[in-house]
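# Commentary on secondary and tertiary structure
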Amino acid sequence: MQREWALLRPDLSFTSLGVIHRMLRAARLILDASDAFLARYGLTRGELDVLSALRRAEEPLSPTALAQTLLAPRSAITMRLNALQARGLLSRTANPADGRSSLVVLTDAGIALVDEVIPAQLELEDALLADAPPWAMEGLAERLRALTSMWEEGRGQQAGSSKDRQRGAPETPG
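Below or above, wherever it landed, is the structure these notes cover. (Residues numbered from 1 in each chain as written. Predicted model: local features only at pLDDT ≥ 70, side-chain atom pairs only at ≥ 80, totals over all residues. Heavy atoms only, no water.)

For the rest of this paragraph, the subject is the overall build of the protein. In terms of regular secondary structure, the protein is built from 8 helices and 2 strands. Each helix (α) and strand (β) of the protein, taken in turn from the N terminus, gives the series α-α-α-α-α-β-β-α-α-α. Sorting the 174 residues of the protein into buried and exposed places 22% on the buried side. Nonlocal contacts in the protein, meaning residues at least 24 apart in sequence, comprise 49% of its contacts between residues at least 6 apart. (Helix = DSSP H or I, 4+ residues; strand = E, 2+ residues; numbered from the N terminus. Buried < 20%, exposed > 50% of the residue type's maximum accessible area, 1.4 Å probe, protein only. Contact = heavy atoms within 4.5 Å.)

Attention now moves to the pairing of strand β1 (residues 90–95). Relative to strand β2 (residues 98–106), β1 is paired through 6 bridges, and the arrangement is antiparallel. Within β2, the position partnered with Arg92 by the bridge is Val104. Adjacent in sequence and paired antiparallel, β1 and β2 are bridged by 2 residues. (Pairing = 2+ DSSP bridges.)

We now examine the side chain of Glu47. Secondary-structure assignment places Glu47 in helix α3 (residues 45–56). No salt bridge is formed by the buried Glu47, whose closest oppositely charged neighbour, Arg87, lies at an N-O distance of 4.0 Å. (Lys, Arg positive; Asp, Glu negative; His and termini not counted. Salt bridge = Lys/Arg side-chain N within 4 Å of Asp/Glu carboxyl O.)

A word on α3. For α3, with 12 residues, the first-to-last C-alpha span of 16 Å sits near the 16 Å given by 1.5 Å per residue. Along α3, the residues classified as buried are Gly46, Glu47, Leu48, Val50, Leu51, Ser52, Ala53 and Leu54. At its buried positions, α3 is contacted by α2 (15–39), α4 (63–70), α5 (74–86), β1, β2 and α6 (108–129). (Expected span 1.5 Å × (residues − 1).)

With that out of the way, let us pick up the nonpolar core. One finds Leu43, Leu51, Leu54 and Leu66 to be the most contacted residues of the largest nonpolar core, which totals 24 residues. Those elements giving two or more residues to this core turn out to be α2, α3, α4, α5, β2 and α6. If sequence neighbours within four positions are ignored, Leu43 has contacts with Leu38, Leu48, Leu51, Leu84, Arg87, Leu113 and Val117. (Core = buried A, V, L, I, M, F, W, Y, C linked by side-chain atoms within 4.5 Å.)

A word on the layout of surface pockets. Leftover empty space is mapped by rolling, across the atoms, a probe with the size of a water molecule. In this structure, the largest pocket spans a volume of roughly 1,900 Å³. Along its surface, the largest pocket is lined by 33 residues, and Ala27, Ile30, Leu31, Leu144 and Thr148 are the ones closest to its centre. Looking at the lining of the largest pocket, the elements with two or more residues in it are α2, α3, α6 and α8 (140–167). Considering only residue class, the lining of the largest pocket consists of 19 nonpolar, 5 polar and 9 charged. (1 Å grid on protein atoms, 1.4 Å probe; cavity = no way out; pocket = protein on both sides within 12 Å on 5 of 7 lines; lining within 4 Å. Points joined across faces, edges and corners; volume = space filled by probe spheres on them. Nonpolar A, V, L, I, M, F, W, Y, C, P; charged D, E, K, R; others polar.)

The interhelical angle for the contact between α4 and α5, taken along N-to-C directions, is 115°, at an axis separation of 9 Å. Note that α4 runs across α5; the crossing there is right-handed. Facing Pro63, Thr64, Leu66, Ala67 and Leu70 of α4, the residues of α5 in contact are Arg74, Ile77 and Leu81. Tallied by class, the residues present in the contact of α4 with α5 amount to 6 nonpolar, 1 polar and 1 charged. (Axes fitted to C-alpha atoms, helices over the stretch in contact; angles between N-to-C directions. Left-handed = near helix turned anticlockwise from the far one by under 90°.)

Below is the structure:
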């Protein structure tokens, strides 16, 4: 794809296209395998993310905290919580600190499901990476973490900037 574009538009650099396209393709392949695996448990990736976040939490979480942790829209979190609660995997109680909000915890069934799925999910992920050459894997997690941290930080700055503009704060050039 890069070569074809370079022939059509030699005035442009397509380096980013090669990197981003490969990352998106890798994500699609991983998600396809993971989605098929999770379907056997009746879960979606988003639902497993919610269950996993709750399992790791030391205390009940609010839907807003889950949305922030998972970088997901609150409406998506609400849909996932409703589906998981209907299956008896989590429960919600009123938040004593904010009567408009709730706190979410896993039920015993939710804990058991997460504790069953996570080891099997890790086996799947290990299998996906098993044939990768060592040179390709060395330091890859750290390089990807650096990229995602940079993008997430930029996302937060953009969100903060738009909130500042909504409040009428002066914009800084940049």
